[in-house]
Amino acid sequence: QRSSDRKITFVEVSERCRLPLEEVDFLLMRALSLKLISGEIDGVEDTVTITRVVPRVVDRSQVADMSDRLETWCTNVDKTLKFFESESAELFA
């Protein structure tokens, strides 16, 4: 995305972050509250206008650590899903 394109739709955020559309608003509000980004959310048009992004540089070891943590998290989510499916099969039918 070009730096001149500062207005982004919630659909674009959802696709790029691989996040359900209904969770985009929370993600953006959280990023704004942590001052990771500056901008404005337009809930009527479902867009966000980003005026500033805090840059972050990570080295290879940090990327590897994040990858390991994400893999562990995904495994735990999968185990939790399987547990709920086995314990409440009628809810997922």
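Below, the structure is looked at part by part. None of the values given here were measured: they were computed from a predicted structure. (Residues numbered from 1 in each chain as written. Predicted model: local features only at pLDDT ≥ 70, side-chain atom pairs only at ≥ 80, totals over all residues. Heavy atoms only, no water.)

## So, the overall build of the protein chain
Rules: Strands here mean DSSP runs of E at least two residues long; helices mean DSSP runs of H or I at least four residues long; both are numbered from the N terminus. Between the two quantities, the radius of gyration covers C-alpha atoms and the globule rule is 2.2 Å times the number of residues to the power 0.38. Residue exposure (1.4 Å probe, protein chains only): buried if accessible area is under 20% of the type maximum, exposed if over 50%, otherwise partly exposed. Only heavy atoms enter the contact rule, under which two residues are in contact if any of them lie within 4.5 Å. Residue burial considers only the protein chains on display, and all accessible areas are found by Shrake-Rupley using a 1.4 Å probe. When charges are counted, neither His nor the chain ends are considered; positive counts come from Lys and Arg and negative counts from Asp and Glu. Each charge is placed at NZ for Lys, CZ for Arg, CG for Asp and CD for Glu.
Within the protein chain one finds three helices and three strands. Across the protein chain, helices and strands are ordered from the amino to the carboxyl terminus as β-α-α-β-β-α. For a compact globule of 93 residues, the expected C-alpha radius of gyration is about 12 Å, and the protein chain comes in at 17 Å, more than 25% above that figure. For the protein chain, with 93 residues in total, the buried portion stands at 13%. Within the protein chain, counting contacts between residues at least 6 apart in sequence, those at least 24 apart form 28% of the total. Put simply, the protein chain shows about 7,900 Å² of open surface, and 57% of that area lies on carbon and sulfur atoms. Here the protein chain carries 13 positive and 18 negative side-chain charges, and the mean point of each set is 10 Å from the other.

## Focus on the nonpolar core
The following threshold applies: Side-chain atoms within 4.5 Å are what join buried Ala, Val, Leu, Ile, Met, Phe, Trp, Tyr and Cys residues into a set we call a nonpolar core.
With nine residues, the main nonpolar core is built from Ile 8, Phe 10, Val 13, Val 24, Leu 28, Ala 31, Ile 37, Val 48 and Ile 50. Contributions of two or more residues to this core are made by helix H1 (10–17), helix H2 (24–33) and strand S3 (47–53). Top element by residues in this core is H2. It accounts for three residues. Apart from the residues lying within four places of it in its own chain, the contact partners of Ile 50 are Arg 6, Ile 8, Ile 37, Ser 38 and Gly 39.

## Regarding a nonpolar patch on the surface
Our working rule: Residues enter patches when their relative accessible area tops 30% and they take part in no salt bridge; the joining distance is 9 Å for like charges and 5 Å for the nonpolar side chains Val, Leu, Ile, Met, Phe, Trp and Tyr. Salt bridges are defined as contacts in which a side-chain nitrogen from Lys or Arg sits within 4 Å of a carboxyl oxygen from Asp or Glu.
A contiguous nonpolar surface patch, about 210 Å² in accessible area, is contributed by Val 58, Val 63 and Met 66. With respect to the helices, strands and loops of the structure, Val 63 is situated in helix H3 (residues 60–87).

## Overview of unusual backbone geometry
The backbone of Arg 18 shows a phi angle near 50 degrees, a positive value even though the residue is not glycine. Topologically, Arg 18 is positioned in the loop between H1 and H2. Residue Arg 18 is classed as exposed on the basis of its relative accessible area, which comes to 79%. Even without glycine at this site, Lys 35 takes up a positive phi of about 60 degrees. Secondary-structure assignment places Lys 35 in the loop between H2 and strand S2 (37–42).

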